[in-house]
Amino acid sequence: MKKIMILMTGGTIASVSTKQGLVPDNEGTLLRYDYMREKEMQYPGDKSAPQQVLLEWKEVFNLDSSNVAPKEWKLLAEEIEAVFQSKKYDGIVVTHGTDTMAYTMAGISFLLKEVPIPVVFTGSQLPFEAEDTDAIRNLTDAITTAVDGVPGIVLVFAGRIIDALYAKKVYSRQKQAFESVHMPEAGCIDEQGRIVWQHAPVGVPDMTFSETAMVREPVSIRLLPGMNGALIDTLVQTGYRAIILEVFGCGGIPENLLPAIRRAKEKHTAVFAVSQCLHDGTDLSVYEVGSKAMEAGVISARDLTVEALSAWMICESLKL
């Protein structure tokens, strides 16, 4: 018998309707779920599922994911670590809201570095009890993935298995809410409920940069045509020591921003470049404007997403 711990954190998957909109209610919704029944109903032709899976449920917190902050990442990381250190469970499923799930997964990845059992995040675009909900399918697939026993932190959503650090929410309403960026999907769950792995979950990448003294709470700026450097100066004066520039293409940074970037460097504020494009990442060496930005002190985030880069900075600051 496989034993799976489900850690509940709120989100749409656990929400109920109120006069002011959806509100998470972990224990009022998710505890009604029956894995073996749902597995049989969704994948009646699948004979590979274990005969019995024992589920245990624990509420870590009960929040709309918009309200999930680094203190909740730390709490969740401690819960996950306690579960696998107990050596009583074969896997962990985390139910979480979709809006900030990419940030939380990245935060957990940097806080824990390695996990010896599967840690599978999932959520939904519609509440558990909604008509045509995706919550039941996603939760069933997530438990199946945890039972499969491949260690690592992944997202299971709409039949896709995505490495935690490379998941990005790209749709606010469609059920296929997430895509894998800068990394092929780790696998999928086919129409018979079987897992097809493309590669094992990847670990934390090399986070060595030319400057690492920036580890403080970051702020992100999305560049717009015609923007000047006043905002960079203001953020530095406010006390930010890590600025993420969401730049054009693979590294386009207007030259009129370079004086402010140089002033930021003089104040020991690190400036990183992340592409506004969904795929392919940044390479500041391709264009002259990027090369000049590197000379001014901008650091390429390479293939890291804003979610992963900011989570790394925040997690580093938590260690101080």
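None of these values were measured; they are calculated from a predicted model. (Residues numbered from 1 in each chain as written. Predicted model: local features only at pLDDT ≥ 70, side-chain atom pairs only at ≥ 80, totals over all residues. Heavy atoms only, no water.)

Undergrad: When you look at the sheet that holds strand β12 (residues 195-197) in this model, what are you seeing that I'm missing?
TA: Within a beta sheet, neighbouring strands are joined by backbone hydrogen bonds and run either parallel or antiparallel to one another. In space, the eight strands of this open sheet follow the order β4-β1-β5-β6-β7-β8-β11-β12, with mixed pairing throughout. Looking along the sheet, the strands with just one partner apiece sit at the ends: β4 (53-63) and β12. Averaged over all pairs of adjacent strands, the angle between their axes in this sheet comes to 25 degrees, without regard to strand direction. Here helix α3 (residues 70-86) sits on the sheet and contacts β1 (2-10), β4, β5 (91-95) and β6 (118-122); the angle it forms with β4, its principal contact strand, is near 160 degrees. Across the face of the sheet, helix α5 (residues 135-148) comes into contact with β1, β4, β5, β6, β7 (152-157), β8 (160-163), β11 (187-189) and β12 while running at roughly 170 degrees to β6. (Pairing = 2+ DSSP bridges. Helix = DSSP H or I, 4+ residues; strand = E, 2+ residues; numbered from the N terminus. Axes fitted to C-alpha atoms, helices over the stretch in contact; angles between N-to-C directions. Contact = heavy atoms within 4.5 Å.)

Undergrad: For this particular structure, what's the right way to read the pattern of salt bridges?
TA: Should the charged atoms of two oppositely charged side chains come close, the side chains can pair. What the rule picks out here adds up to 14 salt bridges. One salt bridge in this structure joins Asp141 and Arg137, with 2.4 Å as the shortest N-O distance. In this pair, Asp141 and Arg137 are both assigned in helix α5, four residues apart and thus about one turn of the helix distant. By relative accessible area, which is 29% here, Arg137 ends up partly exposed. One network of salt bridges, with partners in common, ties together Glu255, Glu288 and Lys292. (Salt bridge = Lys/Arg side-chain N within 4 Å of Asp/Glu carboxyl O. Buried < 20%, exposed > 50% of the residue type's maximum accessible area, 1.4 Å probe, protein only.)

Undergrad: I tried to follow the packing of aromatic side chains on my own but got confused; where do I start?
TA: Given two aromatic rings, their pairing is described by the distance between the two centres and the angle made by the two planes. Scanning the model with the defined rule gives three aromatic pairs in all. Ring geometry for Tyr33 versus Phe128: centroids 6.3 Å apart, planes at 75 degrees, classification edge-to-face. With a gap of 95 residues between them, Tyr33 in the loop between α1 (26-29) and α2 (35-42) and Phe128 in the loop between β6 and α5 connect regions that are remote in the sequence. In terms of burial, Tyr33 and Phe128 fall into one category: buried. With 5.2 Å between their ring centres and 65 degrees between their planes, Phe157 and Phe178 make a pair best called edge-to-face. Taken together, the residues span a long stretch of sequence, with Phe157 in strand β7 and Phe178 in strand β10 (residues 178-180) at a distance of 21 residues. Classification of Phe178 by relative accessible area gives buried; the value is 1%. (Phe/Tyr/Trp six-rings, centres within 6.5 Å; stacked < 30°, edge-to-face > 60°.)

Undergrad: Just checking my understanding: could you explain the pairing of strand β3 (residues 21-24) for this structure?
TA: The side chains of a regular strand alternate, residue by residue, between the two faces of the sheet. The pairing of strand β2 (residues 15-18) with β3 spans four bridges and is antiparallel. Pairing of Val16 across the sheet is with Val23, part of β3. Two successive antiparallel strands, β2 and β3, enclose a turn made up of two residues.

Undergrad: Can you help me understand the layout of surface pockets in this one?
TA: Over the atoms rolls a probe the size of a water molecule, and its path tells where empty space is left. Estimates place the volume of the largest pocket at around 310 Å³. Lining the largest pocket we find 17 residues, and of these Thr12, Leu22, Thr98, Asp99 and Gln125 sit closest to its centre. Grouping the amino acids of the lining of the largest pocket by side-chain chemistry returns four nonpolar, nine polar and four charged. (1 Å grid on protein atoms, 1.4 Å probe; cavity = no way out; pocket = protein on both sides within 12 Å on 5 of 7 lines; lining within 4 Å. Points joined across faces, edges and corners; volume = space filled by probe spheres on them. Nonpolar A, V, L, I, M, F, W, Y, C, P; charged D, E, K, R; others polar.)

Undergrad: Is there a simple way to explain helix α7 (residues 258-266) in this structure?
TA: An α-helical segment advances 3.6 residues per turn. Residues three or four places apart therefore align on the same side. Turning to α7, its buried residues are Leu258, Ala260, Ile261 and Ala264. End-on, the buried residues of α7 take up no more than an arc of 160 degrees, which puts them together on one face. Against the buried residues of α7 lie α6 (230-238), β14 (242-247), β15 (270-275), α8 (288-296) and β16 (298-300). (Arc of directions from axis to C-beta.)

Undergrad: In this structure, what is going on with unusual backbone geometry? I would like to understand it.
TA: What you tend to see is this: most non-glycine residues have negative phi, and most peptide bonds are trans. Even without a glycine there, the phi angle at Lys87 is positive, about 60 degrees. With respect to the element layout, Lys87 can be found in the loop between α3 and β5. The exposed category is assigned to Lys87, whose relative accessible area is 75%. Even without glycine at this site, His268 takes up a positive phi of about 65 degrees. As for its position among the elements, His268 is in the loop between α7 and β15.

Undergrad: Where do I start with the nonpolar core in this structure?
TA: A general tendency of soluble globular proteins is for nonpolar side chains to be buried together. Within the largest apolar cluster, 52 residues are counted, with the highest numbers of intra-cluster contacts made by Leu76, Ile80, Phe121, Leu155 and Leu309. With eight residues, the top contributor of residues to this core is helix α9 (residues 306-318). Ignoring anything within four residues of it in the chain, the contact list for Leu309 reads Ile244, Phe272, Val274, Ala301 and Leu304. In this structure, Tyr35, Tyr43, Phe128 and Ile161 belong to the second largest nonpolar core, which totals 26 residues. (Core = buried A, V, L, I, M, F, W, Y, C linked by side-chain atoms within 4.5 Å.)

Undergrad: Help me out: how do you make sense of the sheet that holds β15 in this one?
TA: Read across the open sheet, the four strands follow the order β13-β14-β15-β16; overall the sheet is parallel. Either end of the sheet is taken by a strand with one partner, and the two such strands are β13 (219-222) and β16. Each strand axis lies, on average, 30 degrees off the axis of its neighbour in the sheet, ignoring direction.

These results come straight from atomic positions and should not be treated as a statement about function.
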